[in-house]
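Summary of structural features
Listed below are the residues making up each chain.
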Amino acid sequence: MKDQANGKGTDVKPMADALRALAMDAVEAAKSGHPGMPMGMAEIAVALWTRHLKHDPAAPRWADRDRFVLSNGHGSMLQYALLHLAGYELPIGELKRFRQLHSKTPGHPEVGATPGVETTTGPLGQGLANAVGMALAEKLLAARFNRPGHEVVDHRTWVFAGDGCLMEGISHEACSLAGTWGLSKLTVLYDDNGISIDGEVAGWFTDDTPSRFEAYGWHVVRGVDGHDVAAVDRAIGEAVRVTDKPTLICCRTVIGKGSPGKAGSADAHGSALGEKEVAATRAALGWTHPPFEVPREVYAAFDARAKGAAAHRAWSERLSAYRAAHPSLAAEFERRMEGDLPVEWTSAAAAFVAAQAAKGETVATRKASQQAIEAYAKVLPEMVGGSADLTGSVFTNWSGSVPVTREGTGNYVYFGVREFAMTAIGNGLSLHGGFLPYHGTFLTFSDYARNAVRMAALMKARSVMVYTHDSIGLGEDGPTHQAIEHAASLRLIPNLDVWRPCDTVETALAWAAGIERRDGPTALLLSRQNVAYAPKDAGQVAAIRRGGYVLADFGPGAERPTGRPEGAAPGGEARAASSGGTTPRALVIATGSEVPLALAARAALANEGIAVRVVSMPCTQAFDRQDPAYRASVLPPGVARVAIEAGVTDGWRKYVGAADDPRAAVIGVDTFGESAPAGVLFEHFGVTARALADALRRVAARSD
Ligand SMILES: Cc1ncc(C[n+]2csc(CCOP(=O)(O)OP(=O)(O)O)c2C)c(N)n1
Ligand SMILES: [Mg+2]
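Please read all numbers here as calculations on a predicted model, not as lab measurements.

**Examining helix α21 (residues 504-516)**
Between its first and last C-alpha, α21 extends 18 Å over 13 residues, near the 18 Å set by a 1.5 Å rise per residue. Among the 13 residues of α21, twelve are classified as buried, and the element is accordingly described as predominantly covered. Between a side-chain oxygen at the N-terminus of α21 and the backbone nitrogen of V505 the separation is 3.2 Å; the capping residue is D503.

Structure below.
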């Protein structure tokens, strides 16, 4: 192949073969990994990375860099080889430690682990959806911040995707939207190798992919020889010239290309080629270099540092000119790209919380959430919201919502019925920078989005997930729509904060916590039905952020002021709580719409001389992060406990005690729901103040 890459006069063959060799060698050293895809996409990578990708290896976070997403993340060694050769802070030693503990080269690309990796990929199809979010971010930012003569936002998003990504349903959801939005700076290079793990895809993937993408409104370049760098280069050039549509470039390739024994077969996909086959491949390629050695001229041909630094410098000069011409706009752009909240945020949030407390309104928490959005989005233009076709039910819109259009204007995305893509696109917006995405659907349909929720948590991506209709309390829509296990199961995802607030003030603070988090997502579980406002003093309002606090304390006979945990001597409090004389006592932990039931049961038992403390616990994760003394002050050891939440009960055992503990009980719903009015259902499932009072009476008799 006599093609010349990078204007440096280097033959492209050794460049592509260097990528093949590094992938083979690293997989061989790790004794695991995926050599087939890197070997099959090597020429495509050479074309994109040395001729089109705009990036500065010395500044992987540069705001106006192109975003590169390896959606077929099993081919991670391709990305690591490219980053290494381009001059990123990824020395050859890291490639030698491929897939080893705490290396910068984990099995699949992980954002944060490796400089230059933009998103964590591996769950097929999701990288592609993240990339749609990144391209949308670019378009929205460009429309918001660019001014005539000042193009400070002008970059592209590139995706490598395989058969797996395109078989996954999320590719339909996300790429359909990308077509609707006309994301012309998004280019997908499809590794059309006809192979997936089980063999030739002809038996399970016979879609007409090019026609499918054309139907979405994409530009499609068909039938490109993926092993011809010049042909791929030309196709990319064509994509760049299309200014109203995203582009799919279909590259015919051979998986494991270069391996005499395994090329073209699923055997090349996911295991080391083996010593013998590696030697045979080296011989067939004419690659004479020892493992992990790359000739100097190949390094030079891949080296993106000088070109990247120049592009970065030119942009910095553009930014300086922009700053001079539009100082406040430039400051806002830089603030948003840093992910900092505006100075007015803290006072705006405090004022809103105070106003909500003063009003003490009884509304559904989904409505309380909309009130919070209304107050907060006014000072946070980075908030981009949306819903999966349930705006009028989940209340994710506000008076300033403007639909996102093909022109790149707007701040509210009508995602259509696409929960998974909505969440993964939100992750892309978040990872790109400049946005604080939030989006909503019914809690039960969070299952559709589940892996993207998990990925947000894994990637530490900030977003707020608004999940309404959070229990049997939604009523007549019945068991398909009634969340039962969802609160508990979302709480199992590490680094996802799950809030189930009980009223307007808790909702306002839950939203604030989600906005202020910089290291992960927040799910808000909200009621369809009205929930009575639970009066709180200032100390209690302040304690909401701790995730669990005393909302109403032990009654007569065990008198102590409410709201004390904030600032009180916690150890002393714990002692006081467990030495309350002869009055029987118990505490109840409640969340969301069950908090009023807890308050009612407490009032009923006060008449019987049983002292009950009500602990509102809107966020178990935030509570678990508190110091032990605080936690003990809220949940004093030795006091009998009951938890109540209209969902599965198991998760509460960790707070109240084991099922055979006579001083512990949990009231909840451990079966699927039913179709009936909400009031009937709470009675039917025994989630009532009466049932709670019975349980409290029972456990209090056994309390210290
Ligand atoms: C959501 C998801 N399901 C399954 C897998 C396991 N998996 C990894 S690669 C792969 C086959 C992908 O085929 P293709 O994209 O054509 O990759 P190629 O073998 O061509 O490199 C599968 C099923 C995964 N990573 N993600
Ligand atoms: Mg394939």
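**What about the packing of aromatic side chains?**
For the structure on display, the rule yields 17 aromatic pairs. Ring geometry for F213 against Y216: centres 5.3 Å apart, planes inclined by 75 degrees, an arrangement best described as edge-to-face. F213 sits in the buried class, given a relative accessible area of 0%. Classification of Y216 as buried rests on a relative accessible area of 14%. Among the aromatic side chains, those forming a connected cluster through ring pairs are F623, Y630, W652 and Y655. Above the plane of the ring of Y533 lies K536, whose end atom (NZ or CZ) is 4.6 Å from the centre. Here the basic side chain of R585 rests over the ring of F554, its NZ or CZ set 4.2 Å away from the ring centre.

**Things to note about the coordination of the magnesium ion (ligand 2)**
Looking at the magnesium ion (ligand 2), the protein donor atoms are D163 (OD), N193 (OD1) and I195 (O), and they sit 2.1 to 2.2 Å from it. All donors of the magnesium ion (ligand 2) belong to a single chain; written as a sequence motif, their spacing is D-x29-N-x1-I. In this pair, D163 is assigned in helix α7 (residues 163-167) and N193 in the loop between β5 (186-192) and β6 (195-196), connecting sequence segments 30 residues apart.

**Some words on the packing of helix α1 (residues 12-30) against helix α11 (residues 275-285)**
α11 packs onto α1 with a crossing angle of 175 degrees between their chain directions and a minimal axis gap of 11 Å. As judged from the angle between their axes, α1 and α11 are roughly antiparallel. In contact with K13, D17, R20, M24, D25 and E28 of α1, α11 contributes E275, V278, T281, R282 and L285. Residue classes in the contact of α1 with α11 are distributed as three nonpolar, one polar and seven charged.

**A short note on the sheet that holds strand β15 (residues 497-499)**
Taken in spatial order, the six strands make up an open sheet running β12-β11-β13-β14-β16-β15, and their pairing is parallel. The open sheet is flanked by β12 (412-414) and β15, the only strands paired with a single partner. For this sheet, the mean inter-axis angle between neighbouring strands, taken without regard to orientation, is 20 degrees.

**Re unusual backbone geometry**
Unlike most non-glycine residues, H469 shows phi in positive territory, near 55 degrees. Residue position: H469 is located in the loop between β14 (464-468) and α20 (486-491). Despite not being glycine, N495 shows a phi value in the positive range, around 65 degrees.

**Some remarks on the environment of R305**
If you trace the backbone, R305 turns up in helix α13 (residues 305-325). Note on R305: relative accessible area 45%, which makes it partly exposed. With 202 residues separating them along the chain, R305 and S103 place their C-alpha atoms 23 Å apart. Here R305 is in contact with D56, P57, A86 and G87, once residues within four sequence places are set aside.

Cut-offs and rules
Residues numbered from 1 in each chain as written. Chains lettered and ligands numbered in written order. Predicted model: local features only at pLDDT ≥ 70, side-chain atom pairs only at ≥ 80, totals over all residues. Heavy atoms only, no water. Helix = DSSP H or I, 4+ residues; strand = E, 2+ residues; numbered from the N terminus. Expected span 1.5 Å × (residues − 1). Buried < 20%, exposed > 50% of the residue type's maximum accessible area, 1.4 Å probe, protein only. Polar contact = N/O pair within 3.5 Å; in protein donor to acceptor, adjacent residues only side chain to side chain. Phe/Tyr/Trp six-rings, centres within 6.5 Å; stacked < 30°, edge-to-face > 60°. Lys NZ or Arg CZ within 6 Å of the ring centre and 35° of its normal. Donors = N, O, S within 2.8 Å, 3.2 Å for Na, K, Ca; no water. Axes fitted to C-alpha atoms, helices over the stretch in contact; angles between N-to-C directions. Parallel < 35°, antiparallel > 145°, perpendicular 65-115°, else oblique. Contact = heavy atoms within 4.5 Å. Nonpolar A, V, L, I, M, F, W, Y, C, P; charged D, E, K, R; others polar. Pairing = 2+ DSSP bridges.

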